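Listed below, chain by chain, are the residues.
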Amino acid sequence: MKAKNLTKLAAILLAAGIASSCGKKINLTYTEVEVQKQDITTSVTATGTIEPVTSVDVGTQVSGIVSKLYVDYNSIVKAGDVIAELDRTNLLSELSSTQANLKSAQSELEYQKTNYERYKTLYDKGLISANDYEQARLSYIRAEQTVTTQKENVKKAQTNLGYATITSPIDGVVLSKEVEEGQTVASSFNTPTLFTIAQDLTNMRVIANVDEADIGEVKDGQRVTFTVDAYPDDVFNGMVTQVRQQATTESNVVTYEVVISAPNEDLKLKPGLTANVTIYTLEMKDVLAVPNKALRFNPSEAMLNKGETIVGTDSKLKVWVKNGSELKAYPITIGITNGTLTQVTGGIDPGTMVITEAVSSMPEVEEQQNSNPFMPRPRNRNNGNNNNNNRNNNNNRR
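Residues numbered from 1 in each chain as written. Predicted model: local features only at pLDDT ≥ 70, side-chain atom pairs only at ≥ 80, totals over all residues. Heavy atoms only, no water.

**Student:** Could you clarify how one ought to interpret the overall build of the chain in this entry?
**Tutor:** In terms of regular secondary structure, the chain is built from 6 helices and 21 strands. When each of the 398 residues of the chain is scored for burial, the buried share is 32%. Sequence-distant contacts, at least 24 apart, represent 72% of the contacts inside the chain between residues at least 6 apart. Here the chain has roughly 24,400 Å² of accessible surface; of this, 47% comes from carbon and sulfur atoms. (Helix = DSSP H or I, 4+ residues; strand = E, 2+ residues; numbered from the N terminus. Buried < 20%, exposed > 50% of the residue type's maximum accessible area, 1.4 Å probe, protein only. Contact = heavy atoms within 4.5 Å. Areas by Shrake-Rupley, 256 points an atom, 1.4 Å probe, with all protein chains shown as cover.)

Here's what the structure looks like:
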C-alpha cells in the first residue's frame, strides 16, 4: 500500500515538474470520503480439528478372550451399561485357588493360635524355656500374616473377575470399536483400548494451532467463526475458552493450541473434521472512523490547482477537508486501527467529507507527449498499403 502511494506521489510530482516547465498547472481532482460510524475488527486465522469436549478410552486391566460385545459404532450408552465381556474361565480358576489358599491359611492360624496359648500357659508356670515360648508366638504371628495375605489375594482375584465385565464409565456415544468377539486382548504392559466413548456430541470443541506471531493477540472469551469442508456454505460460531502455554514445533514453525467452544445442536460437526478458524482479536462496533489513506494524505503548494490555498497545522495526526478553494487541515485524536480503518476519538464531526487522495489530470502534458517525435506511434495502415502498391507498380514496369 505504501509503495503504491509513493508511486502515485512520484507521478504527481513528475507531472508537476513537466507542467511547470511548460508554464501550465496540473488539474487535481480529490477523492473524498465521509467520516461516519463503522465497525472496526481485526482477526487471526488458523486451522484446527474438531473433537468432543470429553471422550474416554475404555480398556481392560486383565487379559483374556473377548466373549461378548454388546455395542457397535454409534451406539448410545449410559454409565454402568455392560458393553463387553471377557472369558472368565481362567479368572474363576484363579479365584478358586486363592480361596482354597485362604482356607488353608485360616486352618494353620487356628492350630498356631491353640499351640501358642498352650505354650504361654506352660511358660507362665516356668515349665518351658523362653526360647520355646518365643518360637510358638512367632509361628502364631506368621500364621496371622499369611491369612491377611491370602484375604488380599482373594480380593484381587474377585476384582479381576469383575474386570472381565466391561462397563461404560460415562453417558455417551461409541465413536470407535477396536476389538471383535473371539479376539484375545493382553494387558501385560499397558491397558489395551477396546472402545472410545464421547460424552456429548452436542457440545464439541476445536483445537486450533495458532502461529507464534499471532498468539499474543488471542485471549479467552474472544468471538470465533469457523467453517468445515463438509458444509462449505455454513458458518459456525464459537468462543475461545483456553490458550494453552505449551508450544509445538514442526518444520521450524512454532504454534500454540487454542481451545474453542463449538456448540453442535444439529450434530453437523463430527469428530476429526478440519476447521478453518477466524478469531476476532479486536471488535469495536459503531465507532467513528476514517480510512487510513486520509491520515496519509498531505498536500503541498506545488500540487495545488490554480487559486487553491492550504490552511495547515503542525499536528502530526490530521485530516484534510476541501472548502471551496481552501484545503484545511483538522487535527484529530485517534484510537484503535485495523490497518484499513482508524477510530477517530475527537477533532472532527461525523458527516464531514475528508480527502483521501488527489488524482492529476494534465491534458496539456498529454498533448506535449503526443507531439514528441521520440515517442512511439501506432503503425499507419495506409502507409503500408501505399508501400505495397509501389512495389506492385515497380514489378509491372519490369
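**Student:** Help me understand the environment of A84 in this model?
**Tutor:** Structurally, A84 can be placed in strand β6 (residues 82-86). A relative accessible area of 2% places A84 in the buried class. Distance from A84 to T165, taken between C-alpha atoms, is 6.3 Å for residues 81 residues apart in sequence. Ignoring any residue separated from it by four or fewer positions in sequence, one finds A84 in contact with K68, L69, Y70, A164, T165, I166 and F195.

**Student:** Which parts of the structure should I look at to understand the sheet that holds strand β4 (residues 64-69)?
**Tutor:** Within a beta sheet, neighbouring strands are joined by backbone hydrogen bonds and run either parallel or antiparallel to one another. An order of β7-β6-β4-β9 is seen for the 4 strands of this open sheet, with the pairing classed as antiparallel. At either end of the open sheet lies a strand with only one pairing partner, and these are β7 (165-167) and β9 (184-185). Bridge analysis of β4 against β9 gives 2 bridges, and the strand direction is antiparallel. Its bridge partner lying in β9, I65 is registered against T184. (Pairing = 2+ DSSP bridges.)

It is worth stressing that arrangement in space is one thing and function is another; only the former is reported here.
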